[in-house]
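# Residue-level structure breakdown
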Amino acid sequence: MQPMNINPPTNQFEALVLALQLAISAPDEQKAQACIEHAEQLAMGLSEIEIERAKKMAQENLIETK
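In this report, we go over the structure that sits alongside the text. (Residues numbered from 1 in each chain as written. Predicted model: local features only at pLDDT ≥ 70, side-chain atom pairs only at ≥ 80, totals over all residues. Heavy atoms only, no water.)

Next up on the list: the packing of helix α1 (residues 12-25) against helix α3 (residues 48-64). At a minimum axis separation of 8 Å, α1 and α3 run at an interaxial angle of 50°. Put simply, α1 runs oblique to α3. Classified by chirality, the crossing of α3 by α1 is right-handed. Residues F13, L16, V17, L20, Q21, I24 and S25 of α1 form the contact with α3, whose own contacting residues are E50, I51, R53, A54, K55, M57, A58, Q59, N61 and L62. (Axes fitted to C-alpha atoms, helices over the stretch in contact; angles between N-to-C directions. Helix = DSSP H or I, 4+ residues; strand = E, 2+ residues; numbered from the N terminus. Parallel < 35°, antiparallel > 145°, perpendicular 65-115°, else oblique. Left-handed = near helix turned anticlockwise from the far one by under 90°. Contact = heavy atoms within 4.5 Å.)

Before going further, it helps to examine the nonpolar core. Ranked by size, the top nonpolar core spans 11 residues in total: F13, L16, V17, A19, L20, A39, A43, L46, I51, A54 and A58. Sorting the residues of this core by element identifies α1, α2 (29-43) and α3 as the ones contributing at least two each. Sequence-distant contacts of A54, that is, excluding residues within four places in its chain, are made with F13, L16, V17 and L20. (Core = buried A, V, L, I, M, F, W, Y, C linked by side-chain atoms within 4.5 Å. Buried < 20%, exposed > 50% of the residue type's maximum accessible area, 1.4 Å probe, protein only.)

Spelled out as structure tokens, the structure:
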């Protein structure tokens, strides 16, 4: 697996995508949980459609890095 090419997020949506990617690829449960908590906070300011789009994008980004 190639390392993720991570660019700093420029908005809340991008930050959510990144937090989800990091949660999925975290090396252990503790780090995954920390990322999930950040993602939950970021999701509070977004619509359900944006949240679902962020989930899909995070998964697609991780598939592309394999």
